[in-house]
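# Commentary on secondary and tertiary structure
Now for the letters of each chain:
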Amino acid sequence: MDKQLGLLIDLQGVDLQIQRLEKREAEIPLQINDLQKENDDQKRIYEAKVQAADGIEKNRRKKERDLESKESVLAKLKDQLLSVKTNREYQALLHEIENGKQDISHLEEEILQMIEDSESAAQCIREISLEMEKSQKRYIEQRREKEQEMALLQEQKHAFESRKEALRKEISGELLKQYDKVRKSRNGLAVVSVRDGSCQGCFMSLMPQLFQEVKQNVQIYFCPHCHRILYYQEEKEPEAVS
Ligand SMILES: [Zn+2]
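Everything in this summary refers to the structure shown in the same document. In this text the structure is predicted, and so the values were computed from the model without any measurement. (Residues numbered from 1 in each chain as written. Predicted model: local features only at pLDDT ≥ 70, side-chain atom pairs only at ≥ 80, totals over all residues. Heavy atoms only, no water.)

### Some remarks on the pairing of strand β1 (residues 191-195)
This is how the line gets drawn: Residue burial is assigned from relative accessible area. The probe radius is 1.4 Å, only protein chains are included, and a residue is buried under 20% of its type maximum, exposed over 50%, and partly exposed in between. Under the scheme used here, helices are H or I runs from DSSP no shorter than 4 residues and strands are E runs no shorter than 2 residues, and both carry numbers assigned from the N terminus. What makes two strands pair is DSSP finding at least two bridges between them.
The buried count for β1 comes to 4 of 5 residues, which makes it a mostly enclosed element. Sheet topology note: the β1/strand β4 (residues 229-232) ladder contains 4 bridges and is parallel. When the sheet's bridge partners are listed, Ser193 is paired in β4 with Tyr231. The pairing of β1 with strand β2 (residues 198-199) spans 2 bridges and is classified as antiparallel. The residue of β2 that forms the bridge with Val194 is Cys199. The turn linking β1 back onto β2 is made up of 2 residues, and Asp196 within it adopts a positive phi angle of 50°.

Right, dumping it as C-alpha cells:
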C-alpha cells in the first residue's frame, strides 16, 4: 500500500476516535447536571415537608392557647352564674356558656386532628429522609463514576492527539490540506473504503477503471462525487444475519 495512503487511513481512524471521545466528553457534564438536579429536587421535597410539619405544629400551639383562654372565659362565666339576679340574665349567661362549650369542643377536635396530622407528617419525613440518604449515596457514587470516566477518556484523547500529531508530521502538506477540507465539509469522514465498486462515503458507484485503480492501493484517488480519499479493503465474507 502507498505509504501516504496508509498514513491517511490511520489519521482518519485516530480523528474518528477523538471525535467519539469528544462527543462523550460533552455528554458527561450534562449527565452530572441531571444527577445533581434530581438530588436537589429531592432535597427540596424534603424541606417542603419539614416546613409543612412545622406549620402544623405552630398552628396546633396557637389553637392550644385559644383553648386555654376559652376555658378560662368559660370558668369565669360559670362563676358569674352564682351572682346573677334575674332570670333573663341567667338565660343569657347559660346561652353564652353553651356557645363557649361548643367552641371548646370544636377546638379540641381541631387539635386532635392536628396531632394526627403531625404524626403522619413526621412518619412521612422519616421515610423521605431514609430515601434521601440512600439516593444521596447513589448520587455521589454515580457522580464519581462519571468523573472517573471523564478522566479516563481525557487520557485516551491525549494519547490519540499525540498519535495524530505524529501522523500529521508524516503526511504531505497538500494531502493534509485536502484531508482537512473534506473532513470539515463531510462530517468528519474524509477517507473511506470502496466496496462493490461504490464509495462508502457517498455510496455512489465509481467508473470501473477508477475502481480497478483504487483496488491497487498504490496511489491516492479521490471520489469524483464527494471528493473523499479512497482506498480498497479486502472484502470480508458477509456476517450471517440472524
Ligand atoms: Zn464518494
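### Details of unusual backbone geometry
With phi around 55°, Asn187 is a residue other than glycine that occupies positive phi space. Along the chain, Asn187 turns up in the loop between α3 (173-185) and β1. Overall, Asn187 belongs to the exposed group, its relative accessible area being 68%. Its identity is not glycine, yet His227 carries a phi of approximately 70°, on the positive side.

### Thoughts on the coordination of the zinc ion
Note the threshold: Listed donor atoms are N, O and S within 2.8 Å of the metal (Na, K and Ca: 3.2 Å). As water is not included, a site may look incomplete. Irregular is the label for any site that misses the other tests, which are tetrahedral for four donors with all angles between 85 and 135 degrees, and square planar for four donors or octahedral for six when opposite donors exceed 155 degrees and the remaining angles lie between 65 and 115.
With distances of 2.2 to 2.3 Å, the protein atoms coordinating the zinc ion are Cys199 (SG), Cys202 (SG), Cys223 (SG) and Cys226 (SG). With 4 donor atoms in place around the zinc ion and angles of 106 to 115° between them, the coordination shape is tetrahedral. In primary sequence terms, the donor set of the zinc ion follows C-x2-C-x20-C-x2-C. Residue Cys202 is located in the loop between β2 and α4 (208-216), and its partner Cys223 is located in the loop between β3 (221-222) and β4; the two are separated by 21 residues in the primary sequence. By relative accessible area, Cys202 is classed as partly exposed at 25%.

Fair warning: the whole summary comes from geometry, so function is off the table for now.
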